[in-house]
Amino acid sequence: MDGQEENVTKHEQLLQHIEQLKVGSKISVRGLARELGVSEGTAYRAVKEAENFGLVVTKERIGTVRIEKRPRGMSEQLTFADVVTIVEGHVLGGNEGLAKPLHKYVIGAMKEQAMARYIDAGSLLIVGNREDAHSLALEQGAGVLITGGFGTSREVRIMADELGLPIISSRHDTFTVASMINRAIFDRLIKKKIMLVEDIIGQKPRLQVLKVTSSAADFHMLVSETGEHRFPVVDEWNRVIGIVSLKDVSELKEDQSIEKCVIRRPITASLQTSLASAAQIMTWEGIDFLPIVDRNRKLIASVTRKEVLQAMRDAQKQPQLGETFDHLIWNGFAEERGEQNELLFHGFIIPQMATDLGTISEGVLLNVMTQAGRRAAWDVTGNDHVVDNVTTYFVRPVQIEDQILVRPLILETSRRTCKMDIVVTREGSVVCKAVMTLQSIDHA
């Protein structure tokens, strides 16, 4: 145990050392190991975790560099450095401008006189081996991305260094790099939309904890101070070993220890756990309190089901700009009401939904039924649901351009669950059926 604790301490010391380094400092595993007196394996693990935290980045031909950690959700804007990574490029000049944000990009498929109207400061000109266009972009305050693996002249590189505007070369063609940048922007928008536990604990007050040696009187004092009824229990190294609630200590005398009432080995989550995953964990495990820990199981914070659900509702009010596969699949379906005011969904099978055989993918069809089931459950109960289990029966193949009708039939609802039959038909014939059970993530 002592050896394990020493390793944990060294790991944390390494992370603290990396965090205190000046932005732009180069970092080597061997140098860290020698400076702090640890093994190269321990230093390597610390560098990789620092990379996951956004403290360092590893660049080709440069190595590992300390960077400014970008707050989550602050901006979906790319920087020129991001573009270098996205297009698998290398920098020919203007390294000092890599941290500048990219406002837009322009494809240089026109004469220079016409091109000048579209280029402005902070933009990126995507063009081939046209040195006059390179100079024009720099003069207008824009960076340059040269496609096809071409370079540029020494004069243009000197100008880029003087102006602090990057010139990047990529082996890909213009269409490919534009597609790669577009995909990166949409991915960033999707990530910005998805909230993590990290997003809701920043403003929480300092966490109150108990030890196994704490008494019932200590517990009641925390209840009166905070208004909370559950608290994490930690050891001397701040590692979570359990949870204790008001119900657990209700029969203890004030001077009795809470040790025998602690619920051991509690379910925990990390800062990078999505709110949707946290909600599902609490639903499936039947808990309302979730300690948040680091990789060494040391306590960072805690969240309640109420906090998670409120944050998820707030996130759903934000505009959806990036599209996931779920959105792309569901975009082709329309909603209508049946004779008994029940929800029905109909749409056409597009080529992107098909297999190599020309029939709809079973996974896509299951996704359609799942989304229809969740919408039908919300329509009846007003609560968000997650799928607990589903049994499917594929009866007949569905081809490209076929129109299908998805009809969810609610069999039973309760405070916690919703059971339904989902029937998919084509021209009145059944092509697929599913029996689905969903769990509400909104129940108290």
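Conventions and cut-offs
- Residues numbered from 1 in each chain as written.
- Predicted model: local features only at pLDDT ≥ 70, side-chain atom pairs only at ≥ 80, totals over all residues.
- Heavy atoms only, no water.
- Patch = residues over 30% accessible without salt bridge, like charges linked within 9 Å, V, L, I, M, F, W, Y side chains within 5 Å.
- Areas by Shrake-Rupley, 256 points an atom, 1.4 Å probe, with all protein chains shown as cover.
- Salt bridge = Lys/Arg side-chain N within 4 Å of Asp/Glu carboxyl O.
- Helix = DSSP H or I, 4+ residues; strand = E, 2+ residues; numbered from the N terminus.
- Buried < 20%, exposed > 50% of the residue type's maximum accessible area, 1.4 Å probe, protein only.
- Pairing = 2+ DSSP bridges.
- Core = buried A, V, L, I, M, F, W, Y, C linked by side-chain atoms within 4.5 Å.
- Contact = heavy atoms within 4.5 Å.
- Axes fitted to C-alpha atoms, helices over the stretch in contact; angles between N-to-C directions.
- Arc of directions from axis to C-beta.
- pLDDT = per-residue confidence, 0-100.

1. Points about a nonpolar patch on the surface
On the surface, Y393, V395 and V435 cluster together into a nonpolar patch covering about 270 Å² of accessible area. Following the sequence through the fold, V435 ends up in strand β21 (residues 429–440). A relative accessible area of 36% places V435 in the partly exposed class.

2. A word on the pairing of strand β12 (residues 240–245)
When you tally the buried positions in β12, you get five out of six residues, the bulk of the element. Of the pairings in the sheet, the one linking strand β11 (residues 230–234) to β12 comprises five bridges and is antiparallel in character. Within the sheet, the bridge partner assigned to P232 lies in β12 and is I243. Remark: five residues form the turn of the hairpin made by β11 and β12, two consecutive strands paired antiparallel; N238 in that turn has positive phi of roughly 65 degrees.

3. Focus on the nonpolar core
In terms of nonpolar packing, the biggest core is built from 27 residues, with I404, V406, M420 and V424 touching the most fellow members. When residues of this core are traced back to their parent elements, those giving at least two are α13 (325–330), β17 (343–348), α14 (362–381), β19 (403–413), β20 (417–426) and β21. Element by element, the count of residues in this core is highest for α14, at seven residues. Discounting chain neighbours no more than four positions away, the residues touching I404 are F333, F345, H346, G347, I349, L365, V398, V424, T425 and R426. By size, the runner-up hydrophobic cluster in this structure holds 18 residues, among which are I200, L290, A301 and V386.

4. Observations concerning the sheet that holds strand β8 (residues 123–127)
For sheets, the rule is that strands pair by backbone hydrogen bonds, running either parallel or antiparallel. Ordered in space as β5-β10-β9-β8-β7, the five strands form an open sheet in which the pairing is mixed. The outermost strands of the open sheet, each flanked by one partner alone, are β5 (90–93) and β7 (104–107). The sheet shows a mean angle of 25 degrees between the axes of neighbouring strands, direction not considered. In the sheet, β8 pairs with strand β9 (residues 143–146) via four bridges, with the strands oriented parallel. Considered in β9, the bridge of L124 is made with G143.

5. Topic: the sheet that holds β12
Strand order in this open sheet of three strands is β11-β12-β13, and the pairing throughout is antiparallel. With partners counted over all chains shown, the strands left at the sheet margins are β11 and β13 (263–264), one partner each. This element, helix α10 (residues 216–226), spans β11 and β12 of the sheet and lies at about 130 degrees to β11.

6. Observations regarding unusual backbone geometry
Residue E88 is not a glycine yet carries a positive backbone phi of 55 degrees. A relative accessible area of 46% means that E88 is categorised as partly exposed. Not every positive phi belongs to a glycine, and E427 is a case in point at roughly 55 degrees. Tracing the sequence through the fold places E427 in the loop between β20 and β21.

7. Description of the pattern of salt bridges
Under the definition given, this model contains nine salt bridges. The residue E40 makes a salt bridge to R30 at a minimum N-O spacing of 3.6 Å. Here R30 lies in helix α2 (residues 29–36) and E40 lies in helix α3 (residues 40–52), a separation of 10 residues in the sequence. One salt bridge connects R230 with D288, and the closest N-O pair in it is separated by 3.8 Å. Of this pair, R230 sits in strand β11 while D288 sits in the loop between α11 (275–285) and β14 (289–293), and the two are 58 residues apart along the sequence. Residue class for D288 comes out partly exposed when judged on its relative accessible area of 27%. Several salt bridges converge on common partners, so that one network encompasses R230, D288 and R305.

8. Section: α10
Of the residues making up α10, those classed as buried are A216, F219, L222 and V223. End-on view of α10: buried residues confined to an arc of 120 degrees, all on one side of the axis. What points out from α10, more than 90 degrees from its buried face, is the exposed set S224 and E225. Summarising the contacts, the buried residues of α10 are in contact with β11 and β12. Just past α10, the residue G227 takes up positive phi, approximately 80 degrees.

9. Notes on the confidence of the model for the protein
The predicted model of the protein has a mean per-residue pLDDT of 84, with 90% of residues at 70 or higher. Here residues 1–8 is modelled with pLDDT under 50, and outside its nearest four sequence neighbours on either side it reaches six contacts, counting other chains as well.

10. Thoughts on the side chain of S135
Within the fold, S135 resides in helix α6 (residues 131–139). Classification of S135 as buried rests on a relative accessible area of 19%. Those residues in contact with S135 that lie beyond four places of it in its chain are V156 and M159.

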